[in-house]
Amino acid sequence: MLEGKALVEDTDMPIKMQIQAMAYASQALDLFDVLDCKSIAAHIKKEFDKKYGNGWQCVVGSNFGCFFTHTKGTFIYFTLETLSFLIFKGASSLSSTS
């Protein structure tokens, strides 16, 4: 397990959820080749959906840009090994009109 070697770049997640995110990332790196970012991301997303409910998104790679809206308390961006991990739950786009 490599979760102790992760470097959190930015987050608003509770610490317990951050630790879980890094543990799932480490687990995925044990299960899949480091170049198989799609499988790594799918594994983490499925684990978060199981533990914290549906709607999670996960991006894994060594070079990516992004712009998104997330639900407060559900965002983490960290690096582990040579990869960066972005995990968040999408924000509801519900809006009311009068």
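Residues numbered from 1 in each chain as written. Predicted model: local features only at pLDDT ≥ 70, side-chain atom pairs only at ≥ 80, totals over all residues. Heavy atoms only, no water.

> Sorry if this is basic, but what is going on with unusual backbone geometry here?
Among all residues except glycine, the phi angle is most often negative; among peptide bonds, the trans geometry is most common. Located in the positive-phi region is Glu 81, a residue other than glycine, with phi close to 60 degrees. Checked against the element boundaries, Glu 81 lands in the loop between strand S3 (76-80) and strand S4 (83-89). Residue Glu 81 is classed as exposed on the basis of its relative accessible area, which comes to 55%. (Helix = DSSP H or I, 4+ residues; strand = E, 2+ residues; numbered from the N terminus. Buried < 20%, exposed > 50% of the residue type's maximum accessible area, 1.4 Å probe, protein only.)

> Help me understand the sheet that holds strand S1 (residues 7-11) in this model?
Backbone-to-backbone hydrogen bonds pair the strands of a sheet. The strands run either parallel or antiparallel. Overall, antiparallel pairing links the four strands, which are arranged S1-S3-S4-S2 in an open sheet. One side of each edge strand has no neighbouring strand; the edge strands of this open sheet are S1 and strand S2 (56-61). Strand-to-strand twist of the sheet, defined as the mean angle between neighbouring strand axes without regard to direction, takes the value 15 degrees. Direction of pairing for S3 relative to S4: antiparallel, over a ladder of five bridges. When the bridges of S4 are listed, Thr 79 appears paired with Ser 84. (Pairing = 2+ DSSP bridges. Axes fitted to C-alpha atoms, helices over the stretch in contact; angles between N-to-C directions.)

Shape descriptors only; they carry no functional weight alone.
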